[in-house]
Amino acid sequence: MKCSKCGGLAVINLHQHRLRLCANHFIDWFVTMTQRTIEHYRMFTPDDPVLVAVSGGKDSLALWDVLLRLGYRAEGMHIDLGIDEGIGYSGTSLDKCHKFVAEHHPAAVLHVVDVEREHGRSIPTLARTTQRGRGKPCAVCGLVKRHVMNRVARDGGFVAIATGHNMDDEVAVLMQNTLHWQTGYLARQAPVLEERDGLARKVKPFVRIYEREAAAYALVRGIDYIYDECPFAKGSTTNFYKELLNRLELNSPGAKQQFYLQFLQARNRGQVSFAEAEQAALHPCLRCGQPTTAGEVCAFCRLWE
Ligand code: Q46
Ligand code: ZN
Ligand code: ZN
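Residues numbered from 1 in each chain as written. Chains lettered and ligands numbered in written order. Predicted model: local features only at pLDDT ≥ 70, side-chain atom pairs only at ≥ 80, totals over all residues. Heavy atoms only, no water.

For the site of ligand 1, give the residues involved together with the corresponding values.
Close to ligand 1 lie Leu81, Cys138, Cys141, Lys145, Cys230, Phe232 and Ala233, which account for all nearby residues. Grouping the constituent residues of the shell around ligand 1 by class yields six nonpolar, no polar and one charged. (Near = heavy atom within 4 Å. Nonpolar A, V, L, I, M, F, W, Y, C, P; charged D, E, K, R; others polar.)

Shown next, in the form of structure tokens:
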């Protein structure tokens, strides 16, 4: 297989773009694609401090790498969730983040928040000991991650939180929302979520990148990442939809991209419109000061009571 640009040995076939690329041309393509997405959706400028949520997985580390290579003011943030489950999941995740900094960007700043050290309980313990958790770690994990990320972004004066969500993630959510006609969610599914009442702006620079491309980029750049998924992600609905969509993609390359990008275009042109679910007013929590729709004290603060 030959590179479409230089005739050298191609390492990846981008079926949906009808391109085969060697390692160097693939890196160029990947970085350019990310840069174009950032500019197209006006995510942030080179002057803006951006906080990248890094889990230690391929997508987030690849994203941080690309942003730093492009010269953006990108600092990383890792949340240690305290998940072990016999595979030392959180420990390994944190190690990969430190290793990435040491090996690739020694001057980069990594903020680490250890949930158990700061708040007294890890995510699995919280799930076991709280009503909200009901034994399901994801129910409390999402809440904790959103709260911590928002706090770090706000305290550090960051213009946006960037996450490594790729097109496969977005398409799986889109399909799920479409099949259930979750119109409120469809209205809000976007590469950029604007800041509102103390909730930091959120951006997804990889929305045009397939998951296999992010994995290939990490591999070609020699980024060591955690291969294991969080043990609690097993059997999730998102994974089920991803598998379905991959089967579709196999028969018709580009189907995922078409489904997602045409949805965004049609909505932006006003060809389809979904009413946004009534957004409850936000007010600052009496204890932590972060925005909440709940009573006087936010759901995060109530978790630890
Ligand atoms: S929510 Fe659930 Fe994830 Fe938290 S407990 Fe693991 S799977 S990490 S994206
Ligand atoms: Zn080439
Ligand atoms: Zn609070």
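Tell me what's going on with helix α9 (residues 211–220), and back it up with residues and numbers.
Buried within α9 are the following residues: Glu213, Ala214, Ala215, Ala216, Tyr217 and Ala218. Those residues of α9 hidden inside the fold are in contact with β1 (12–14), α1 (23–40) and α2 (58–69). A positive backbone phi angle near 70° is found at glycine 222, which sits one or two residues after α9. (Buried < 20%, exposed > 50% of the residue type's maximum accessible area, 1.4 Å probe, protein only. Helix = DSSP H or I, 4+ residues; strand = E, 2+ residues; numbered from the N terminus. Contact = heavy atoms within 4.5 Å.)

Describe the coordination of the zinc ion (ligand 3), listing the residues and the values that go with them.
Cys285 (SG), Cys288 (SG), Cys298 (SG) and Cys301 (SG) make up the full set of protein donors to the zinc ion (ligand 3), lying at 2.3 to 2.4 Å. Each of the four donor atoms around the zinc ion (ligand 3) contributes to a set of angles spanning 106 to 114°, which defines the coordination as tetrahedral. On the primary sequence, the residues serving as donors to the zinc ion (ligand 3) are separated as C-x2-C-x9-C-x2-C. Taken together, the residues cysteine 288 in the loop between β9 (283–284) and β10 (291–292) and cysteine 298 in the loop between β10 and α12 (299–303) connect sequence positions ten residues apart. (Donors = N, O, S within 2.8 Å, 3.2 Å for Na, K, Ca; no water. Tetrahedral: all angles 85-135°; square planar, octahedral: opposite > 155°, others 65-115°.)

With reference to specific residues and values, describe the pairing of strand β3 (residues 49–53).
Within β3, five of the five residues are buried, leaving the element largely enclosed by the surrounding structure. The side-chain alternation of β3 yields two buried faces, one formed by Pro49, Leu51 and Ala53 and the other by Val50 and Val52. Looking at chain direction, β3 and strand β4 (residues 73–80) are connected through five bridges and run parallel. When the bridges of β4 are listed, alanine 53 appears paired with methionine 77. In this fold, the crossover linking β3 to β4 by way of α2 has right-handed handedness. Summarising the sheet, β3 and strand β6 (residues 160–162) pair through three bridges and their orientation is parallel. (Pairing = 2+ DSSP bridges. Right-handed = clockwise from strand over helix to strand, strands pointing away.)

An account of unusual backbone geometry is needed here, citing residue identities and associated values.
Phi is positive for arginine 18, which is not a glycine, with a value near 50°. Relative to the helices and strands, arginine 18 resides in the loop between β1 and β2 (19–21). Of the residues examined, arginine 18 reaches a relative accessible area of 78% and is grouped as exposed. The residue tryptophan 181 is not glycine, and still its phi comes out positive at about 45°. By the element assignment, tryptophan 181 lies in the loop between α7 (167–179) and α8 (183–188). By relative accessible area, tryptophan 181 is classed as exposed at 55%.

Any chance you could break down the side chain of lysine 96 for me, citing the residues and the numbers?
Within the fold, lysine 96 resides in helix α3 (residues 89–104). According to the relative accessible area criterion, lysine 96 is buried, its value standing at 16%. One polar contact links lysine 96 to aspartate 224, side chain to side chain, over a distance of 3.0 Å. Once you skip the residues sitting within four places of it in the chain, lysine 96 turns out to touch Gly56, Leu61, Asp224, Tyr225 and Ile226. (Polar contact = N/O pair within 3.5 Å; in protein donor to acceptor, adjacent residues only side chain to side chain.)

How would you summarise the coordination of the zinc ion (ligand 2) if you had to cite specific residues and measurements?
Taken together, Cys3 (SG), Cys6 (SG), Cys22 (SG) and His25 (ND1) make up the full set of protein donors to the zinc ion (ligand 2), lying 2.1 to 2.3 Å away. In this structure, the zinc ion (ligand 2) is surrounded by four donor atoms whose angles at the metal cover 99 to 114°, and the resulting shape is tetrahedral. Between consecutive donors of the zinc ion (ligand 2), the numbers of intervening residues give the motif C-x2-C-x15-C-x2-H. Here histidine 25 lies in helix α1 and cysteine 6 lies in the segment before β1, a separation of 19 residues in the sequence. With a relative accessible area of 46%, cysteine 6 lands in the partly exposed category. Residue classification places histidine 25 among the partly exposed positions, given a relative accessible area of 25%.

Run through the environment of aspartate 84, naming residues and quoting values.
Within the element layout of this structure, aspartate 84 appears in the loop between β4 and α3. Here aspartate 84 falls in the partly exposed class, since its relative accessible area comes to 45%. In this structure the C-alpha to C-alpha distance between aspartate 84 and serine 122, which are 38 residues apart in sequence, comes to 9.9 Å.

Describe the side chain of histidine 78, with residues and values.
By the element assignment, histidine 78 lies in strand β4. Among the polar contacts listed, one links the side chain of histidine 78 to the backbone oxygen of valine 54, at a separation of 2.9 Å. The residues touching histidine 78, leaving out its near neighbours within four places in the chain, are Val54, Ser55, Ser93, Leu94, Cys97, Leu110, His111, Val112 and Val113.

Give a description of the sheet that holds strand β8 (residues 202–203) that names residues and reports values.
Strand order in this open sheet of six strands is β5-β4-β3-β6-β8-β7, and the pairing throughout is mixed. Single-partner strands in this sheet number two, and they are β5 (110–114) and β7 (192–193). As paired strands, β4 and β5 are joined by five bridges and run parallel to one another. What sits directly across from histidine 78, in β5, is valine 112. Sitting on the sheet, helix α6 (residues 137–155) is in contact with β3, β4, β5 and β6, with an inclination near 145° to β4. (Axes fitted to C-alpha atoms, helices over the stretch in contact; angles between N-to-C directions.)

All quantities given are derived from atomic positions and should not be read as evidence of function.
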